[in-house]
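Survey of secondary and tertiary structure
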Amino acid sequence: MDLLEDLNEPQREAVLHETGPLLVLSGAGSGKTRVITRRIAHLIRKGTEPWRILAMTFTNKAAREMKERVAQLQGEGATERPFVSTFHSASAVFLRRHAEAVGLSKAFVIYDDDDQLRLVKRIANKLGIEANPRDLLSRIDAEKNGGRLPDQMVLNGNDPRAQVVQSVYRDYQRSLRAADAVDFGDLLLLLVDLLTNDAELRVRYQRRYQHVMVDEFQDTNPVQYKLLKLLAPPGSNLAVVGDDDQSIYRWRGAEVDNILGFPRDYEGAKVVKLEQNYRSDQNILEAAYAVISKNRRRLDKKLWSARPKGELLQLLLHRDERAEAQEVARRINGLRNEGITDYANTAVFYRTNAQSRALEEGLRLARVPYTLVSGRSFYDRAEIRDASSYLRLMVNPKSDADLTRVINTPARGIGDTTVEKITEHAGAIGRSLYEVIEWPERVQGLNSGAVKRLLGFRELVERLVKFGKDAATATEAAKFMLEQTRLVSALKEEGTDEAIGRAENLVELISATQEFDKVRAETPPPSPNDELGTPPPPLQQFLEQISLVGEADGEVPEGRVSLMTLHAAKGLEFDAVFMTGMEEELFPSRRATGVEATEEDMAEERRLCYVGFTRARRRLFVSLCQQRMLYGEIKVCRPSRFISEVPQELFEFPHDMPVAPRPMKPRSYGYRADDGPQVDRTYDQSTEFSSDPTGSRVRHSTFGDGTIEKIGGQGPNAKVTVRFDSVGVKSVIARWLTPL
DNA sequence: ATTCTACGGCTTTTT
DNA sequence: GCCGTAGAAT
């Protein structure tokens, strides 16, 4: 096919750009994936060998889609494929090849955040550090994202806390190496360190990958950018594609400055702007632009659309989150009944996961089929994690995090005190737990029973390791493991519904390995000129896949409304979008409105709003509540500032909206259905009792009028004792009362 | 060693 | 309001 077919001018420019650095600023819905894939295909057509092309993405989904589309463009006959991968998977492949050079074996395992936290806890405990392990870990991660090993930490001034972090970080890295393990950050960091110090190797990679491409460049953190600079230094062919307005992962170390500074780092870079949006009606883009343009530091660009103006945005105001859910469900059915769109092309977005519950409830009651689009549930389940730990021990029994996880699962009488003793001993002699329990009698203070049980466990792991060594498939290994560990049978014996469900999940794991083995059998072996060498053994590959890829995230169930956080929404599009919980302190988040918040915090919330708006093709609903249950307390809400940033004329206010019944202190609301989208009115931010209300006259919908006698507790959820005129003294929830 | 209970704390979470 | 942790009770 003609690779330039149906491309606009700037898109063509980007596709045809062959050598030298390239920055593609691609607005939402401007066809960026199309540009990247066509460019790859174009380079191949012009004679670049596919294996000389490296394309990096952030998500597995993006990598998979890109692979598929490139393969399609390459056609059936092609035997060579470009290396399209996530940053982390690609790094894992490279790092495994040079594992010994960074103090690892080829069989190293990859720890996830849960393993990380457990390790930090253990170390903080050992070092007698009081600090919150979560905080310590996030500081360590921040160092890793910044590309700094413990010795490279910047200890400016005399922040004693930084010194504590450094010592924990040091110990943490030592423990990882002793366990022959890496965390996600290490995959990049260790590779960067290696390539920085080994010039010969660096040049080898630079020569091999003549073209490097990066998707969602605005989300790169400093280590990732460092890696890119090592693989494709200034002067080479690095093409990055991104949109600074869609940078929403700053809190995870992403650096918008990478995209802003790219033309400076890569002198002579060609800059192409993709500003034509093919997705949304104009009114939606107008609204999105109104919000995003309030950000100060952004690259100048404005999306435009040849599409019609379309419908106005609908502003939906509700009494509380239950009313919101009910109304959203009603509207979704309305869209469907009017033939505007179907369930599958409708999405409901929210800022925090906690909001999903009420929405789910509302959709269920209205019989709207929905699917919760969320992370990696299957492999997060405790029983699956246990099984994975056993599998990892088969490959690498020195992995202490895995060993401690399952040493008493299923229960075999090895308790916390025993584990503590062997851990201490292991630390003292600098060995892994697996090595220590080979001779448990050498550990001080263990009774003979404990020694015996430890030996029994050690023998179990030995059997697993022995079998794992030459297991030809992941399935074979997993089946042996389940049988030997009795994970399934122990759950079945337990007999509770929950245990049986868990046992079934473990059987599902076998389906996962079978699927993996099947795909693996169908994948052709790497071509001989591939210096990346032979792939790791099947079990190891499977483990790498579950830690880096997670669920074989395939089939989004058909015909269902999608519910997700705004973060999860990036990269998707729907005919109709509901932005729920558009309230100050919720969205924008309290963390961005508080006194400690910076301008950048708010800018990121605004980008998140922009991402949400621009997901909508035809209909955009902006929904908010007057009050909402938050952390178990009823809070009065004010409309999000983002609502008032959208020009009023872009909103349509529904007149068939049920008028909210007056909650407590009705005088303070001042926000009624017929006020329209005029949102900047006065709001009383609190339902707290402003003064001592004892003796006040109140009205209750069932009990009638009465006098408050006593306040039982704090906050609006508090119970109040009221002497009612007709029914006597009763204790009622304060929020059901109306002051008279 | 396991199970119960009280208490605090709390956005987002590509890999 | 819910969940995870820490401490006590069985």
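Residues numbered from 1 in each chain as written. Chains lettered and ligands numbered in written order. Predicted model: local features only at pLDDT ≥ 70, side-chain atom pairs only at ≥ 80, totals over all residues. Heavy atoms only, no water.

Close to DNA strand B lie 27 residues, the nearest being Asn60, Arg351, Asn353, Gly415 and Thr565. Protein-proximal atoms of DNA strand B, defined as those within 4 Å of the protein, fall in sugar or phosphate at a share of 51%. Here Trp251 contributes a side-chain N or O atom positioned 3.4 Å from a base oxygen of DNA strand B. Within the backbone of Leu548, a nitrogen or oxygen atom sits 3.0 Å from a sugar or linking oxygen of DNA strand B. (Near = heavy atom within 4 Å. Polar contact = N/O pair within 3.5 Å; in protein donor to acceptor, adjacent residues only side chain to side chain.)

What follows deals with the protein's contact with DNA strand C. In the vicinity of DNA strand C, the contacting residues are Lys121, Arg357, Met629, Tyr631 and Gly632. Near the protein, meaning within 4 Å, the atoms of DNA strand C are sugar or phosphate in a fraction of 50%, with bases accounting for the rest. Contact distances for DNA strand C include 3.4 Å between a phosphate oxygen and a side-chain N or O atom of Lys121.

Time to look at the sheet that holds strand S2 (residues 53-57). Pairing is parallel across the open sheet formed by 6 strands, whose spatial order is S3-S2-S6-S7-S1-S8. For this open sheet the edge positions go to strand S3 (83-86) and strand S8 (270-274), each flanked by a neighbour on one side alone. Each strand axis lies, on average, 15° off the axis of its neighbour in the sheet, ignoring direction. Against the sheet, helix H1 (residues 9-16) touches strand S1 (22-26) and S8, its axis set at about 145° to S8. (Pairing = 2+ DSSP bridges. Helix = DSSP H or I, 4+ residues; strand = E, 2+ residues; numbered from the N terminus. Axes fitted to C-alpha atoms, helices over the stretch in contact; angles between N-to-C directions. Contact = heavy atoms within 4.5 Å.)

It is worth spelling out the domain arrangement of chain A at this point. Splitting chain A by domain gives domain 1 (9-98 + 188-276), domain 2 (109-179), domain 3 (279-375 + 554-652) and domain 4 (382-547). Just the C-alpha atoms count here: the centres of domain 1 and domain 2 sit 30 Å apart. On the domain 2 side, the residues contacting the 10 residues of domain 1 number 10 residues. Interface of domain 1 and domain 2: buried area, both sides summed, is about 750 Å²; carbon and sulfur atoms make up 59% of it. Along the contact surface separating domain 1 from domain 2 lie 0 salt bridges. Joining domain 1 to domain 2, the criterion identifies 3 residue pairs in polar contact (both at pLDDT 80 or more). (Domains from an automatic or database assignment. Buried area = accessible area lost by both parts, 1.4 Å probe. Salt bridge = Lys/Arg side-chain N within 4 Å of Asp/Glu carboxyl O.)

Within strand S12 (residues 346-350), 5 of the 5 residues are buried, leaving the element largely enclosed by the surrounding structure. Of the two faces of S12, the one holding Thr346, Val348 and Tyr350 and the one holding Ala347 and Phe349 are both buried throughout. As defined by bridge partners, S12 adjoins strand S15 (residues 574-579) across 4 bridges and the pair is classed as parallel. Directly across from Val348, in S15, lies its bridge partner Phe578. Two elements, S12 and strand S14 (residues 561-565), share 4 bridges in a ladder whose sense is parallel. Within S14, the residue paired with Tyr350 across the bridge is Thr565. (Buried < 20%, exposed > 50% of the residue type's maximum accessible area, 1.4 Å probe, protein only.)

The subject of this paragraph is unusual backbone geometry. Of note, the amide linkage connecting Thr409 to Pro410 takes the cis form, showing an omega dihedral of -10°. Omega for the peptide link from Phe587 to Pro588 comes to 5°, which places this bond in the cis form. Note on placement: Pro588 falls in the loop between S15 and helix H27 (590-593). A positive phi angle, near 55°, is found at Asp180, a position not held by glycine.

Taken as a whole and judged by the stated rule, the model has 13 aromatic pairs. Measuring from ring centre to ring centre gives 5.2 Å for Phe587 and Phe642, while their planes differ by 70°; the resulting arrangement is edge-to-face. Pair noted here: Phe587 is in the loop between S15 and H27 and Phe642 is in helix H29 (residues 641-645), with a separation of 55 residues, a long-range link. For Phe587, a relative accessible area of 1% corresponds to the buried category. Ring pairing ties together the aromatic residues Phe83, Phe94, Tyr205 and Tyr209, which thus form one cluster. Above the plane of the ring of Phe108 lies Arg96, whose end atom (NZ or CZ) is 4.1 Å from the centre. If you follow Lys229 out to its NZ or CZ, it ends over the ring of Tyr225, 4.1 Å from the centre. (Phe/Tyr/Trp six-rings, centres within 6.5 Å; stacked < 30°, edge-to-face > 60°. Lys NZ or Arg CZ within 6 Å of the ring centre and 35° of its normal.)

Next up on the list: the sheet that holds S12. Read across the sheet, 7 strands follow the order S13-S14-S12-S15-S16-S11-S19 without closing on themselves; strand pairing throughout is parallel. Unpaired on one side and paired on the other, strand S13 (370-372) and strand S19 (651-652) mark the two borders of the sheet. Contacts between helix H13 (residues 282-292) and the sheet are confined to strand S11 (313-318) and strand S16 (616-625), with S16 contributing the most and set at about 50° to the helix.

Next up on the list: the pairing of strand S17 (residues 627-630). Pairing analysis gives 4 bridges linking S17 to strand S18 (residues 633-636), with the strands arranged antiparallel. Bridge pairing in S18 places Arg628 opposite Lys635. Where S17 folds back on S18, the antiparallel hairpin that results is connected by 2 residues, among which Tyr631 adopts a positive phi of roughly 50°.

Before going further, it helps to spend a moment on the packing of helix H17 (residues 382-395) against helix H22 (residues 474-485). Contact geometry of H17 with H22 gives a least axis separation of 10 Å together with a crossing angle of 110°. Regarding the angle of H17 to H22, the classification is roughly perpendicular. Of the two elements, H17 crosses H22, and the hand of that crossing is right-handed. Of the residues in H22, those touching H17 at Ala387, Tyr390, Leu391 and Met394 are Ala477, Ala478, Phe480, Met481 and Thr485. Across the contact of H17 with H22, the residue classes tally to 8 nonpolar, 1 polar and no charged. (Parallel < 35°, antiparallel > 145°, perpendicular 65-115°, else oblique. Left-handed = near helix turned anticlockwise from the far one by under 90°. Nonpolar A, V, L, I, M, F, W, Y, C, P; charged D, E, K, R; others polar.)

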